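Working through the structure, step by step
Take a look at the letters that make up each chain.
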Amino acid sequence: MTSFLNLIKNAYGGLDRTMWLLALIQFINRSGTMVVVFLSVYLKDDLGFSLGQVGTVMALFGAGSITGTFFGGRLIDKIGFYRIMFFSLFFGGLAFILVGWVRSFAVLAIAMFFLSAISECFRPANLAAMSIYSKPETYTRSVALSRLAMNLGFSIGPAIGGFLASIDYNLIFWVDGVTCLIAAWILKVYIEEKKAPKKEKEESHVIRKSPYKDKIYLLFLPTCVFYTVSFFQFFSTMPLYYKDVEHFTEVEIGWLMALNGLIVAVFEMVLIYKFEKKTSLYNFIAWGSVLLILSYISLVFWGGWWWLVFLTIVISFSEMLALPFMNTFMNNRAPVESKGQYASLYVMAWAVAQIITPLIATNMIAFSGYNGLWLLLAGFAVITIIGIKWLERLVMREKA
């Protein structure tokens, strides 16, 4: 028991106070993450949109993510991550409240684009903040702490969101908006703005100032896209499968989504602390992809509540193995003067996944059913493994 408590203490020790405050902001902000989880069900069942319209709205939401991430990343390097974080949280909160009143397909599609653009400015700014406030030797654990807070919030948000959605879908827009505003207030009151250092010691002889000239990083981004398309399906159009095929209620869907966040929150910090030095980040990402492959292939043969609970656990471990180390790869490649742009392109890879995942999923469902979709997404995870091992070879060659 004592050794276990020491493991927990060491896993969470040595992190800067500001990192804990940033994690608190993530927790509060993600506790309101209800709109995205229930968006596909809300559009189809509450507003009566067709599958094509659902895919279009969610694709525009993803396009807004790319737009906000791209311009947010450039603004970070000009006016600072702190101001971008506050702008995104404050005005994003107001936007969530307003969008909840929109019912027209055309207006809602445009509104979701701008809502996403404003909200997604936060992510590259938050990544840049972690790289500035944390120590180099604790960066991966700082990322894990942020993800712990995010997933704790994400475990609470969908569970509450499922309950609220069963009453009135408009309530989830209000809660999402208010939590963003609370997070903006905490940032302004409790975290002092910090400037990035002007100089940085490069880890290798290669001097990188722009991500657009970093060929290895540009190859890393599509690898991220293939993984995130495969992974993101569980949080975008997967609720349609739960609803249409498994006939789960909104409350049951909420609890299933919440389980993922709870597992990641409980295990990720300890997992990274215990095994981070055991092997390369490339192997962690590859193992995470293997778990995705096994999960999707199994869905061809098995279903039901308890099997999907088990798969949620497996997917959670895939996330814990892959995502923190993708963040670490990004941070290792980025010089201080371009951290905003590196973070921006990294988050844009996620935004691309947000765009193409619902389009791929809804069209594959209509064309070949869910089994065809599962096999396609398993194939994307295979491509991820090939890509990440290729990148490992290129990086080793660069260092040599």
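Here we summarise the structure given alongside this text.

Overview of the overall build of the protein chain
When its secondary structure is counted, the protein chain shows 15 helices and 0 strands. Relative to the compact-globule value of 21 Å for 400 residues, the protein chain shows a C-alpha radius of gyration of 20 Å, a close match. The principal-axis extent of the C-alpha atoms belonging to the protein chain is close to 55 × 50 × 45 Å. Considering only contacts within the protein chain whose residues lie at least 6 apart along the sequence, 87% involve residues at least 24 apart. Carbon and sulfur atoms make up 68% of the accessible area of the protein chain, which amounts to about 16800 Å² in all. Where the 32 positive side-chain charges of the protein chain centre and where its 24 negative ones centre are 10 Å apart.

A short note on the packing of helix α5 (residues 81-99) against helix α7 (residues 122-133)
Where α5 contacts α7, the axes come no closer than 9 Å and their chain directions differ by 145°. Crossing of α5 against α7: the hand is left-handed. On the side of α5, the interface is formed by F81, Y82, I84, M85, S88 and L89, while α7 contributes F122, A125, N126, A128, A129, I132 and Y133. Of the residues in the contact of α5 with α7, the class split is 11 nonpolar, 2 polar and no charged.

Some thoughts on the pattern of salt bridges
Within this structure, the stated rule accounts for 6 salt bridges. The closest approach of N and O atoms between D244 and K44, which form a salt bridge, is 4.0 Å. Taken together, the residues D244 in helix α11 (residues 238-244) and K44 in helix α3 (residues 35-46) connect sequence positions 200 residues apart. Residue classification places D244 among the partly exposed residues on the basis of a relative accessible area of 33%. In this structure, the salt-bridge partner of E398 is R333, at a minimum N-O distance of 2.9 Å. Note that E398 is positioned in helix α15 (residues 339-399) and R333 in helix α14 (residues 305-333), a separation of 65 residues in sequence. Because the salt bridges share partners, they merge into one network encompassing K44, D45 and D244.

Concerning the environment of G100
You can see G100 is positioned in the loop between α5 and α6 (105-120). Residues contacting G100, with those up to four places away along its chain left out, are Y42, N170 and F173.

Notes on empty space enclosed by the protein
In total, this model carries 4 cavities of 30 Å³ or more according to the counting rule given. Taken as a whole, the largest cavity spans an internal volume of roughly 870 Å³. For the largest cavity, the lining is made up of 38 residues, of which R30, E120, R123, M150 and W350 are closest to its centre. A breakdown of the residues in the lining of the largest cavity according to their chemical character gives 19 nonpolar, 13 polar and 6 charged. Put simply, the second largest cavity is a space of about 70 Å³. Per-class residue counts for the lining of the second largest cavity are 6 nonpolar, 2 polar and no charged.

What counts, and at which threshold
- For every chain, the first residue of its written sequence is number 1, and the numbers climb from 1 along that sequence.
- For this predicted model, a pLDDT threshold of at least 70 governs which residues receive local features, and a threshold of 80 or more governs which side-chain atom pairs are given and counted, while totals over whole chains, interfaces and linings are taken from all residues.
- To obtain the side-chain values, all non-hydrogen atoms of the structure were used and water was disregarded.
- In this description a helix means any DSSP run of H or I spanning at least four residues, a strand means any run of E spanning at least two, and both kinds are numbered starting from the N terminus.
- With the radius of gyration taken over C-alpha atoms, the globule rule is written as 2.2 Å times the number of residues to the power 0.38.
- Contacts between residues were defined by any pair of non-hydrogen atoms, one from each residue, lying within 4.5 Å.
- Areas reported here follow the Shrake-Rupley algorithm with a probe of radius 1.4 Å; residue values treat only the protein chains shown as occluding.
- His residues and chain termini do not enter the charge count, which takes Lys and Arg as positive and Asp and Glu as negative.
- To locate a charge, take atom NZ for lysine, CZ for arginine, CG for aspartate or CD for glutamate.
- As a rule, the C-alpha atoms of each element are fitted with a line to give its axis, helices using only the stretch in contact, and angles between N-to-C directions run from 0 to 180 degrees.
- Whether a crossing is left-handed or right-handed is set by the direction in which the near helix is turned from the far one by less than a right angle, anticlockwise for left-handed and clockwise for right-handed.
- Ten residues, namely Ala, Val, Leu, Ile, Met, Phe, Trp, Tyr, Cys and Pro, are considered nonpolar, four, namely Asp, Glu, Lys and Arg, are considered charged, and the remaining ones, Gly among them, are considered polar.
- The term salt bridge refers to a pairing of a side-chain nitrogen on Lys or Arg with a carboxyl oxygen on Asp or Glu at a separation within 4 Å.
- For each residue, the accessible area found with a 1.4 Å probe, counting protein chains only, is set against the maximum for its type, and the residue is called buried under 20%, exposed over 50%, and partly exposed in between.
- Both cavities and pockets are sets of points on a 1 Å grid over the protein atoms alone; in a cavity a 1.4 Å probe fits but cannot get out, in a pocket the set is open with protein on both sides within 12 Å along at least five of seven lines, and lining residues sit with an atom within 4 Å of a point.
- Grid points are joined across faces, edges and corners, and a volume is the space filled by probe spheres set on the points.

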